[in-house]
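Close look at the chain arrangement
In case you want the letters, here they are:
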Amino acid sequence: MEFKASYLEIEPHELAHYLLRESGQQGRDAVNPPDILKVLRLQHVTFDFKVELPHEIREEGVLPRALLCFDERLVATDLSLRRKRARFSVLHEIAHYVLPNHQHALYVCDDRGMGPWTRLRFEREANEFAADLLFHGDRFTLETNSHVISAATVKLLAEKYRASYEATARRLVERNFRPCMLIIFEKKDRRAQISVDIEAVWTKKYTVASAPFKAAYFADIQSAVVPAEVVAVVTTPGRDVGEGYGCRVTVRDQTDERRLFDGEFFYNRHNVFCFLSPPKK
Ligand SMILES: [Zn+2]
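I will try to describe carefully the structure that is included in this document.

Calculation criteria
Residues numbered from 1 in each chain as written. Predicted model: local features only at pLDDT ≥ 70, side-chain atom pairs only at ≥ 80, totals over all residues. Heavy atoms only, no water. Axes fitted to C-alpha atoms, helices over the stretch in contact; angles between N-to-C directions. Helix = DSSP H or I, 4+ residues; strand = E, 2+ residues; numbered from the N terminus. Left-handed = near helix turned anticlockwise from the far one by under 90°. Contact = heavy atoms within 4.5 Å. Nonpolar A, V, L, I, M, F, W, Y, C, P; charged D, E, K, R; others polar. Pairing = 2+ DSSP bridges. Buried < 20%, exposed > 50% of the residue type's maximum accessible area, 1.4 Å probe, protein only. Polar contact = N/O pair within 3.5 Å; in protein donor to acceptor, adjacent residues only side chain to side chain.

Right, let's talk about the packing of helix H4 (residues 83-98) against helix H6 (residues 121-134) for a bit. For any two helices packed against each other, the geometry comes down to the angle between their axes and how far apart the axes lie. For the pair H4 and H6, interaxial distance at closest approach is 8 Å and the crossing angle is 115 degrees. Where H4 crosses over H6, the two elements pack in a sense that is right-handed. For the pair H4 and H6, contact is made by Arg87, Phe88, Leu91, His92, Ile94, Ala95, His96 and Val98 and by Phe122, Glu123, Ala126, Asn127, Phe129, Ala130, Ala131, Leu133 and Leu134, respectively. Looking at side-chain class alone, the contact of H4 with H6 contains 12 nonpolar, 3 polar and 2 charged residues.

Take a look at the structure:
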């Protein structure tokens, strides 16, 4: 017979729910990380990592964003982080602290680990747990499914939950009961090219799809480029992130068949995004 402590039977989302309740987040839209830190009796400090972090902690020249000293019950974040990133970083370190299978050790976390496609298991689990806290677990899921899939919804929910537009758009798709895909585009560096006034090219960085979309169509797109006329519209200075640009999008699937979707493009000053949905008849 195998013995297991009951604590280890707790699923991460139940643990997140417990922490949200114990720290009094129920009545709030945006989670307040200091309340959770207080429940766990963790200290949070902020300092300039570039100046004050010991050299041996920096690995491979990548500057960390946040760290957790388990024994000292201390979370530290870099002074240079903008507010939303600092919030997410604190929640990520809280995850390392509470997740039962995570080692009781020093965690030093950088951009790669906190990115959506990290291959490191502990980092991925900490990101998922942090997102559960940030989006109040199932609350966001219910809410997002009661809204249309659009740039305006991303803006509304990102401001409500005080999360980044990218994290919100991703969660909106991951938790959707309707078929939809999000394509995130990044600006291709064309400085190496001869002409300086050549049009910027936005190419696919990654995609996420809802379960119904994967079941009905495909799980990923091999390559995609934002049409120049769409780039010109969505990156117009002063245009709001919540103002999408709708158009028909053709995608060639694995069998080389052309499929038509309703696309909505929008821009958050870092990336161009596109929602794909089945065409309305
Ligand atoms: Zn981490």
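After that view, the rundown keeps rolling.
Strand order in the open sheet made by the 5 strands is E6-E5-E9-E8-E7, with antiparallel pairing throughout. On the outer flanks of this sheet lie strand E6 (202-209) and strand E7 (245-252), each paired with one strand and no other. When the angles between neighbouring strand axes are averaged without regard to direction, this sheet yields 30 degrees. For strand E5 (residues 181-187) and strand E9 (residues 272-277), the ladder comprises 5 bridges, and the chain directions are antiparallel. Bridging from a neighbouring strand, Met181 pairs with Leu276 of E9. Running over the sheet, helix H9 (residues 165-174) touches E5, E6, strand E8 (258-267) and E9 and is turned about 45 degrees from E6.

Moving on to the side chain of Asn268. Inspection of the secondary structure puts Asn268 in the loop between E8 and E9. By relative accessible area, Asn268 is classed as buried at 13%. A polar side-chain atom of Asn268 sits 2.9 Å from the main-chain amide nitrogen of His270. Not counting chain neighbours up to four residues away, the residues in contact with Asn268 comprise Tyr165, Val241 and Phe273.

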